[in-house]
Amino acid sequence: MSNHLSGPELKPPGGDGRLDFTDLFAFQAPNDPSRCVLIMDVNPFAPSMGEGLHPDAVYRINIDTDGDLQADVAFSIVFSPPDDSGHQSATVRLATGEQARDHHASGEVIVEGAELSSGPQPNVVKAGPYTFAAGLRSDPFFADIDGILNNFQWTGNDTIADKNVYSMALEFPMELLGPSSSLALWARVSLRSDGSLTSVDRGGQPTVTAIFNPEDAKDEYNRGEPAEDRQLYLERFAEVLEHAGGYGHDEAVTAAKQILPDVLRLDFSKPATFPNGRVPTDHVIEARLAILGNGQIPSDGLKPHDDLLSEFPYLGAPHAAAAAS
């Protein structure tokens, strides 16, 4: 998986798919490379009829612009409770500086009342320099899950080919993030409950939690901060790599540093392709398995999905009858 089913026992956090962060993408807009595209996907295997997003959750993209692994800019998205017709709308806020480090949805409202879509046509909203859309879309991630679970004996089947996610896409001029072109990004889902806000999922790098974290550590990891990742998890991740890839200890630590801290790095002065940012066509499973297996795991032969769009919001229309997991 990428970050799909990142709770214990390969389930969504808290057993609620709406809280399950799956993928983060960051790249230059194809029709205007001066504009930055951020896409946060959640709710793997979302049903074709849709089920909306959690009205008590904060969906957040954090951006470190100065290299200290602390958020300097944060986009937070919250959704209204469903109305009598089941419709929800999104409010997007922009926080900067110290306010960006607060997990709550805070800062300036930049998009308001953007309806969450569930049909084939995305609801694209333009507000000043921002373009935004949230809704049910085709999951762009591709992986042969059966082959992974069978010791990398590939079946040639893309398990995700007919699956849906809920996607939140935002596009804006890169200059709004400040002068630095070197960014570190991570997504977070937090849940309001009993008067408090708790982080239930987070990540920037694809395919971390499912492979590297034991069951009893996943909730703790999902509450954590990237600035603490190497201190808390580097040795654990190195042990996994020693076992899986036959690395020596020092080599395993060096390899683990490609995964931790769990952020997606993007140098905006260079074309995005993983591990410099991520576009929906990147074969991130192959990139991750190259590290996990120390270059010994053969390619699965899969190709990117052919339903991707060349324009905003970039992900294809949702599948009419998405298969259950």
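None of the values given here were measured: they were computed from a predicted structure. (Residues numbered from 1 in each chain as written. Predicted model: local features only at pLDDT ≥ 70, side-chain atom pairs only at ≥ 80, totals over all residues. Heavy atoms only, no water.)

> Can you help me understand unusual backbone geometry in this one?
For residues besides glycine, phi is generally negative; the peptide bonds are generally trans as well. Residue Pro261 follows Leu260 across a cis peptide bond; omega there is 0 degrees. Looking at the element boundaries, Pro261 is found in the loop between helix 5 (249-256) and strand 12 (264-267). For the bond running from Phe274 to Pro275, omega is 15 degrees, close enough to zero to count as cis. Look at Asn43: it is not a glycine, yet its phi comes out positive at around 65 degrees. Relative to the elements of secondary structure, Asn43 occurs in the loop between strand 2 (32-42) and strand 3 (57-64). The buried category is assigned to Asn43, whose relative accessible area is 2%. Look at Phe45: it is not a glycine, yet its phi comes out positive at around 60 degrees. With respect to the helices and strands, Phe45 occurs in the loop between strand 2 and strand 3. (Helix = DSSP H or I, 4+ residues; strand = E, 2+ residues; numbered from the N terminus. Buried < 20%, exposed > 50% of the residue type's maximum accessible area, 1.4 Å probe, protein only.)

> How should I be thinking about the sheet that holds strand 1 (residues 21-29) in this particular structure?
Pairing is antiparallel in the open sheet, where 5 strands are placed in the order 1-2-9-8-7. Unpaired on one side and paired on the other, strand 1 and strand 7 (125-127) mark the two borders of the sheet. Shown here is a sheet whose adjacent strand axes are inclined to one another by a mean of 15 degrees, direction ignored. (Pairing = 2+ DSSP bridges. Axes fitted to C-alpha atoms, helices over the stretch in contact; angles between N-to-C directions.)

> In this structure, what is going on with the pattern of salt bridges? I would like to understand it.
Where charged atoms of side chains with opposite charge meet at close range, the side chains can pair. Within the structure shown, the criterion is met by 10 salt bridges. Arg18 is the salt-bridge partner of Asp16, the closest N and O atoms lying 2.9 Å from each other. Residue class for Asp16 comes out buried when judged on its relative accessible area of 17%. Using a relative accessible area of 22% as the deciding quantity, one classes Arg18 as partly exposed. Residues Arg202 and Asp229 are paired through a salt bridge, measuring 2.7 Å at the closest nitrogen-oxygen approach. One end of the pair, Arg202, is in strand 11 (residues 196-203); the other, Asp229, is in helix 4 (residues 229-245), and 27 residues separate them in sequence. Each member of the pair, Arg202 together with Asp229, is buried. Sharing partners across several salt bridges, the network here consists of Asp68, Asp72, Glu98 and Arg101. (Salt bridge = Lys/Arg side-chain N within 4 Å of Asp/Glu carboxyl O.)

> Looking at this structure, how should I read the nonpolar core?
Burial of nonpolar side chains together is a common tendency in soluble globular proteins. One finds Tyr59, Phe75, Phe132 and Met168 to be the most contacted residues of the largest nonpolar core, which totals 84 residues. Filtering out sequence-adjacent residues up to four positions away, Tyr59 remains in contact with Arg18, Met40, Val42, Leu53, His54, Phe75, Ser76, Ile77, Phe79, Met168, Arg188 and Val189. If you look at the next biggest cluster of nonpolar residues, it comprises 8 residues, including Ala74, Ala95, Ala100 and Val263. (Core = buried A, V, L, I, M, F, W, Y, C linked by side-chain atoms within 4.5 Å. Contact = heavy atoms within 4.5 Å.)

> Would you explain the packing of aromatic side chains in this entry?
Per the counting criterion, the structure on display carries 11 aromatic pairs. Measuring from centroid to centroid gives 5.1 Å for Phe75 and Phe172, while their planes differ by 40 degrees, and the two rings are tilted. Note that Phe75 is positioned in strand 4 (residues 73-79) and Phe172 in strand 9 (residues 164-173), a separation of 97 residues in sequence. Neither Phe75 nor Phe172 differs from the other in exposure class; each is buried. (Phe/Tyr/Trp six-rings, centres within 6.5 Å; stacked < 30°, edge-to-face > 60°.)

> Could you clarify how one ought to interpret the packing of helix 4 against helix 5 in this entry?
Between two packed helices, both the angle of their axes relative to each other and the distance between the axes serve to describe the pair. Where helix 4 contacts helix 5, the two axes come as close as 8 Å, and the packing angle between them is 115 degrees. Crossing angle aside, the handedness with which helix 4 passes helix 5 is right-handed. On the side of helix 4, the interface is formed by Leu234, Glu235, Phe237, Ala238, Leu241 and Glu242, while helix 5 contributes His249, Ala252, Val253, Ala255 and Ala256. (Left-handed = near helix turned anticlockwise from the far one by under 90°.)

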